[in-house]
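These are the residues of each chain, in order.
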Amino acid sequence: MLLQQPDPFKVHGLQSPFLALLKQLCFRADTAQRASAESAFASPPRSGHLGEQGVCSWTEETEIMTQERLWQVLDPSWGDLRALSALLCSSAAAVVLLKWLGRRQIQQKMDEARRSRHLALERMEKAAHRLKQENPGTQTSHILSLTMVELAEKLKEGSLSPESVLYSYMDKALEVNREVNCVTDFIHGCEDQLQKLKKQKEKGLLYGIPISIKDHINCKGHISSGGMVKFLGQVKEEDSVIVQVLKHQGGIPFVKTNIPQTMINYDCSNPIFGQTLNPLNPQKSPGGSSGGEGALIAGGGSILGIGSDVAGSIRLPSSFCGLCGLKPTGNRISKQGVISPLIGMQSVTGMLGPMARDVDSLALCMKALLCQEMFQLDPTVPPIPFDEQVYTGSQPLRIGYYEGDGYFQPSPSMKRAVQHTRKLLQDAGHTLVPFALPKIDYVVDELFTRGIFSDGAAHLVDCFKGDIVDPNLKSQYNTYRVPALVKRILAIILKPIYPRIARDLSALCGVGSAKNLWDQHGAVAAYRTEFIAKWRELRLDVILCPALGPAFNHGYAGKLFAATSYTNLYNVLNFPAGVVPVSVVTSADEEELERYRGHYGDPWDKRLKEAVSGAVGMPVAVQCVALPWQEELCLRFMKEVEALARGTKRNV
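Being a predicted model, the structure only gives us computed values, none of them experimental.

Bringing the overall build of the chain into the picture now. Within the chain, the secondary structure is distributed over 24 helices and 13 strands. Out of the 652 residues in the chain, the part that is buried amounts to 52%. Sequence-distant contacts in the chain: of pairs separated by 6 or more residues, those separated by 24 or more amount to 81%. If you sum the accessible surface of the chain, you get close to 28700 Å²; carbon and sulfur atoms cover 55% of it.

Following this line, the structure appears as structure tokens:
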């Protein structure tokens, strides 16, 4: 009689699916082996040789032998079922422990970054206090009320000292940061920069002007986090080219400002430094990804900021916060010394640009940047200095305009802003010509979305390895990480119901091959040619169009990335574009919003309605566009709009 061993496939009396499968496989393998042996060494049994009882007996015996055979294969130390159970439990515990340790390490890095910021802000507070004591009697409120052009003049003539201006803005920046959480670091080298200014024989165009810098733009001795843990601890050894040029012109970079995680989002939140609020209404987002800049400047804590823009990241926070912002033509300003999760992506053009309270400040900044110093530091930047004559021109303009892009229905205030500005421009003597955007669905889905995520968002998803996903980015992240095959299937299913969302899902799959990438680049160039041809046919100088707004409620930007259609078009085209605030949301706008349905009536339209609700009194902007390399004309048009909106411009 065979001695029956305990069933090794049962753990504490419970048989798991995995162990049951293993048992079955072992049994079948042993049965096959026995059958093979019998056929080799014995004659085949006659039909009916074994009865039902014999078959059952043989099966039971085989199962027992299979179990014995398994015990022979297994390590002898596994003879006790409790040992096997302990092994399985310890393996699971090890996995959990490793995940916990990884998460703890991430948390420690974030905690260290927060401590570093806390110490930096303390240092900033002490420096501001010391400068204040060294410059008694300074009228801080007067300094903060000056425009940048007025401030630059007083600094040059010596009626104001760089020290008094710097501590005034440092003090105000600390105050604004306490309210809206927009500053991530104090650029302590600003004190050294002050001393260098005193030794300079010539005063640059930005002499003594305090400047805030977006987080991901490198500053010597500081990190550029990108809102991601992977970049923490990487202290930069030198300034980016743009920071070097700002210093060369006498500017004083003094703080770095907050951004959304990865910067592929137009809210302003990350797991390291938290959520930035809109200083005009804390229930609203300041926009992004240059949201820290928007919040700080709008709150009065900076007079000039440097942001970046790959889908509207300068123009959206400017729109949401009531500022002026310019996205130049790609490579008009050097991008050397900037971190990005999209390094290598060429289909959509990103660039750096200025943000300020008025257009003259943007023009002064551009004039300062487009100098020989930049052209020498970065020879890839075309040596085209700022054309003052174009900026100060006064001839009437021929202006194309549209009130909606056809992809997202504009909010009532967006549409009204364009209509109101169009009338002001017509009354001032300019010619307004309706302009219909060619193939907008194709541009947004195939050229922008498929272009910026031509790798199927693989690079972006990789950025989250060893990181914690910010809640405001989870909707985007979860969509990006869905396998391409699943996205394609979902796109097919959704196409009859939600065609716009289906097209977006298909575009997020990327291009799929190098050949297709070449084709995609060719398609962008062909569309740009078609757009310019239509522009030339209508003999336009510039275009007036909506800027997305008003400011969104928190949490919606990550669920409405496609709503950047109003701005990302000009990243695809690589045209200079800027925004100018022209009005505020009225009660009538809010009432009309109740009837908003959108072009598609899909979840995106419903979200947009929710996102912009409750915005009475918030700023509304328009967008001004020119052809490539015509930043001066774009700024001149922006200045025209600004003057008319403020009621300070006479008819031309």
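What follows covers helix α24 (residues 631-646). Between its first and last C-alpha, α24 extends 22 Å over 16 residues, near the 22 Å set by a 1.5 Å rise per residue. Along α24, 13 of the 16 residues are buried, which leaves the element largely enclosed by surrounding structure. One or two residues past the end of α24 sits Gly647, with phi positive at roughly 75°.

As a further point, take a nonpolar patch on the surface. On the surface, Leu485, Val486, Ile489, Leu490 and Ile493 cluster together to form a nonpolar patch covering roughly 440 Å² of accessible area. Its place among the elements puts Leu485 in helix α18 (residues 484-494). Assessed through its relative accessible area of 58%, Leu485 is described here as exposed.

Inspection of the secondary structure assignment puts Leu174 in helix α6 (residues 162-180). Taking the C-alpha atoms as reference points, Leu174 and Phe186, twelve residues apart in sequence, are found 10.0 Å from one another. Ignoring any residue separated from it by four or fewer positions in sequence, one finds Leu174 in contact with Leu121, Met124 and Glu125.

Once that is clear, we can look at the pattern of salt bridges. One pass over the structure, following the stated rule, counts 25 salt bridges. Among the ionic pairs, Glu632 bridges to Arg332, the shortest N-O distance being 3.1 Å. Of this pair, Glu632 sits in helix α24 while Arg332 is found in the loop between β7 (324-327) and β8 (351-356), placing the two residues 300 residues apart along the sequence. Put simply, Asp602 and Arg500 hold a salt bridge, and the shortest N to O gap is 2.7 Å. Highlighted residues: Asp602 in the loop between α22 (587-593) and α23 (603-611) and Arg500 in helix α19 (residues 499-507), separated in sequence by 102 residues. The exposure class assigned to Arg500 is buried, which follows from its relative accessible area of 0%. Because the salt bridges share partners, they merge into one network encompassing Asp360, Lys639, Glu642 and Arg646.

Within the largest apolar cluster, 160 residues are counted, with the highest numbers of intra-cluster contacts made by Leu151, Tyr266, Phe531, Ile543, Phe552, Tyr570 and Leu635. Broken down by element, the residue count for this core peaks at nine residues, all from α6. Discounting chain neighbours no more than four positions away, the residues touching Tyr570 are Arg315, Lys327, Tyr402, Leu437, Phe531, Ile543, Cys545, Phe575, Ala577, Gln623 and Val625.

Once that is clear, we can look at the side chain of Asn270. Topologically, Asn270 is positioned in strand β4 (residues 269-270). Given the relative accessible area of 1%, Asn270 is considered buried. Every residue in contact with Asn270, bar those within four places of it in the chain, is listed here: Gly227, Asn258, Ile259, Pro260, Gln261 and Asp470.

Each neighbour pair has its own omega, and for Gly288 with Ser289 the value is 10°, a cis peptide bond. Put simply, Gly549 and Pro550 share a cis peptide bond, and its omega is 0°. Tracing the chain through its elements places Pro550 in the loop between β11 (542-546) and α21 (565-573). Backbone geometry at Asn181 places phi at a positive 60°, although glycine is not the residue there. Among the structural elements, Asn181 can be located in the loop between α6 and β1 (183-186). What makes Asn181 buried here is its relative accessible area of 18%.

The rules behind the values
Residues numbered from 1 in each chain as written. Predicted model: local features only at pLDDT ≥ 70, side-chain atom pairs only at ≥ 80, totals over all residues. Heavy atoms only, no water. Helix = DSSP H or I, 4+ residues; strand = E, 2+ residues; numbered from the N terminus. Buried < 20%, exposed > 50% of the residue type's maximum accessible area, 1.4 Å probe, protein only. Contact = heavy atoms within 4.5 Å. Areas by Shrake-Rupley, 256 points an atom, 1.4 Å probe, with all protein chains shown as cover. Expected span 1.5 Å × (residues − 1). Patch = residues over 30% accessible without salt bridge, like charges linked within 9 Å, V, L, I, M, F, W, Y side chains within 5 Å. Salt bridge = Lys/Arg side-chain N within 4 Å of Asp/Glu carboxyl O. Core = buried A, V, L, I, M, F, W, Y, C linked by side-chain atoms within 4.5 Å.

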